[in-house]
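What follows is each chain in one-letter form.
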Amino acid sequence: MIPKLELHLHLEGAAPPAFIRGLAAEKGVDLSAIFDPSGAYTYTDFPDFLRVYEAATSVIRGPEDYARLLAVVLETAAAEGAVYLETFVSPEFCGGADRAAWRDHVAAMAEVAARLAPEIESRAIITPIRHFGPERARKTALCAAETASEDRSGWVAGFGLGGAETYGEPGDFAWSFDCAREAGLGLTCHAGEWRGPESVRAAWRDLGVSRIGHGVRAVEDPALVRDLAEAGVTLEVCPGSNVALGLYPSVAAHPIARLADAGVRVTVSTDDPPFFHTTLRREYDALATAFGWTEDDFRRMNLWAAEAAFCDEATRARIKEKLGCST
Ligand code: ADE
Ligand code: ZN
């Protein structure tokens, strides 16, 4: 199996439906409306997806639930060939941005990550939710900065921005990103998914990120594509997510190959796999079928992912070795 890196995965969005149903039953919450008759998550469009996502997340409560979820997610990814994974985690869901509660959540999850590290190494990207607004993002940034300095395991490694890209401007979140940067965290931001290239440029310019979540609509502006390629900005591309949410009609119509051909550092992730009926292996298989990508193409892409990962240098060297690349 091809060894894989996954840089863009939402922890709650990776929760299997059966896991969420189990928690809902434990807590006496009726979540039947978010599942279809086959038991899969059901939603109509992106805003509805966010609503269903938040409803599912509402039953993941406390450090113990989050630790169980992380274990399931890491074991599932490892079975798909993932050797390294970064997951988005939001203090706005884990502990309601209360700093003491957040610290307990991080301790429980970092313990799971350390236990599973021989199989799959992982890091967390702390994530405010864009449509919850900049004020709440500041609290999230403070949570992130505090745990980045306290968490000796290094599991808290990045800071990102998810949620509805149509809400506000990246610059509205500059204070939070500055705070995270000062705490030594790697920076990424969802952009170029629900808005066009100007949104990618604004995230890059106004937040100083080294990676863009999705970023695929940069393809609509050739000058931006050139600039991203020249600067070595890494895109966390999630083709199956984009197709499931209706951005593109098929993987064959997806711009990932055009971006790669233009020299942009693209990587492949699943975003919220059970919501989009995808897995890492399915993504690789679909790309191989659509574009004829070979093991060498995937190795080069995974090397870009290793170079863009928010981990320490010793971990990066270990991952590169697993990819069959020396330093
Ligand atoms: N949160 C979970 N999945 C997301 C996506 N695809 N875009 C923005 N925010 C998200
Ligand atoms: Zn995402």
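Here the structure is shown first, and the text comes after it.
Below: a short report on this structure. (Residues numbered from 1 in each chain as written. Chains lettered and ligands numbered in written order. Predicted model: local features only at pLDDT ≥ 70, side-chain atom pairs only at ≥ 80, totals over all residues. Heavy atoms only, no water.)

This part takes up the overall build of the protein chain. Helix and strand content of the protein chain: 13 helices and eight strands. Rg of the C-alpha trace for the protein chain: 18 Å, near the compact-globule value of 20 Å for 327 residues, within the 12% margin. Here the C-alpha coordinates of the protein chain stretch approximately 50 × 45 × 40 Å along the principal axes. Counting the 327 residues in the protein chain, one finds 58% classified as buried. A separation threshold of at least 6 residues defines the contact pool for the protein chain, and within that pool the share at least 24 residues apart is 74%. (Helix = DSSP H or I, 4+ residues; strand = E, 2+ residues; numbered from the N terminus. Rg over C-alpha atoms; globule rule 2.2 N^0.38 Å. Buried < 20%, exposed > 50% of the residue type's maximum accessible area, 1.4 Å probe, protein only. Contact = heavy atoms within 4.5 Å.)

Take the sheet that holds strand β8 (residues 265–268) next. Pairing in this open sheet of eight strands is parallel, and the strands run β1-β2-β3-β4-β5-β6-β7-β8 from one edge to the other. The strands lining the two open edges of the sheet, one partner per strand, are β1 (4–10) and β8. Put simply, the sheet's adjacent strands are angled 30 degrees from each other on average, direction ignored. Relative to strand β2 (residues 82–89), β1 runs parallel, the two being bridged by five bridges. (Pairing = 2+ DSSP bridges. Axes fitted to C-alpha atoms, helices over the stretch in contact; angles between N-to-C directions.)

With that settled, consider unusual backbone geometry. A positive phi angle, close to 70 degrees, is found at Asp271, a residue other than glycine. With respect to the helices and strands, the residue Asp271 is situated in the loop between β8 and α11 (280–291). The phi angle at His277 is positive, at roughly 50 degrees, despite the residue not being glycine. Tracing the backbone through its elements, the reader meets His277 in the loop between β8 and α11.

Going through the model one piece at a time under the given rule, you end up with 23 salt bridges. Salt-bridge contacts for Lys27 lead to Asp65; the nearest nitrogen and oxygen are separated by 2.3 Å. Taken together, the residues Lys27 in helix α1 (residues 17–27) and Asp65 in helix α3 (residues 62–79) connect sequence positions 38 residues apart. Here Asp65 falls in the buried class, since its relative accessible area comes to 5%. In this structure, the salt-bridge partner of Glu146 is Arg103, at a minimum N-O distance of 2.8 Å. Placement of Glu146 in helix α5 (residues 134–150) and of Arg103 in helix α4 (residues 99–116) is noted, with a sequence separation of 43 residues between them. For Arg103, a relative accessible area of 35% gives the class partly exposed. Among the charged side chains, a network of salt bridges with common partners joins Glu26, Lys27, Asp65 and Arg68. (Salt bridge = Lys/Arg side-chain N within 4 Å of Asp/Glu carboxyl O.)

Looking now at the coordination of the zinc ion (ligand 2). Ligation of the zinc ion (ligand 2) by protein atoms is provided by His8 (NE2), His10 (NE2), His190 (NE2) and Asp271 (OD), these donors lying 2.1 to 2.3 Å from the ion. Between consecutive donor residues of the zinc ion (ligand 2), the sequence gaps follow H-x1-H-x179-H-x80-D. Placement of the pair is His8 in strand β1 and Asp271 in the loop between β8 and α11, with a sequence separation of 263 residues. Judged by relative accessible area, which is 0%, His8 ranks as buried. Since its relative accessible area comes to 2%, Asp271 is described here as buried. (Donors = N, O, S within 2.8 Å, 3.2 Å for Na, K, Ca; no water.)

A word on the site of ligand 1. Near ligand 1 the following residues occur: His10, Phe46, Phe49, Tyr53, Gly162, Gly163, His190, Glu193, His214, Asp271 and Asp272. Between ligand 1 and Asp271 there is a distance of 2.7 Å, counted from a nitrogen atom to a side-chain nitrogen or oxygen. Compared with its free state, where it exposes 260 Å², ligand 1 has 97% of that area covered by protein. Here the element with the most residues in the shell around ligand 1 is helix α2 (residues 46–57); it accounts for three residues. When grouped by side-chain class, the residues that make up the shell around ligand 1 number three nonpolar, five polar and three charged. (Near = heavy atom within 4 Å. Polar contact = N/O pair within 3.5 Å; in protein donor to acceptor, adjacent residues only side chain to side chain. Areas by Shrake-Rupley, 256 points an atom, 1.4 Å probe, with all protein chains shown as cover. Nonpolar A, V, L, I, M, F, W, Y, C, P; charged D, E, K, R; others polar.)

Attention shifts here to the pairing of β2. For β2, the buried fraction is high: eight of the eight residues fall into the buried class. Sheet topology note: the β2/strand β3 (residues 121–126) ladder contains six bridges and is parallel. Paired with Thr87 across the strands is Ala124, a residue of β3. In this region the chain leaves β2, passes through α4 and returns to the parallel neighbour β3; the handedness of that crossover is right-handed. (Right-handed = clockwise from strand over helix to strand, strands pointing away.)

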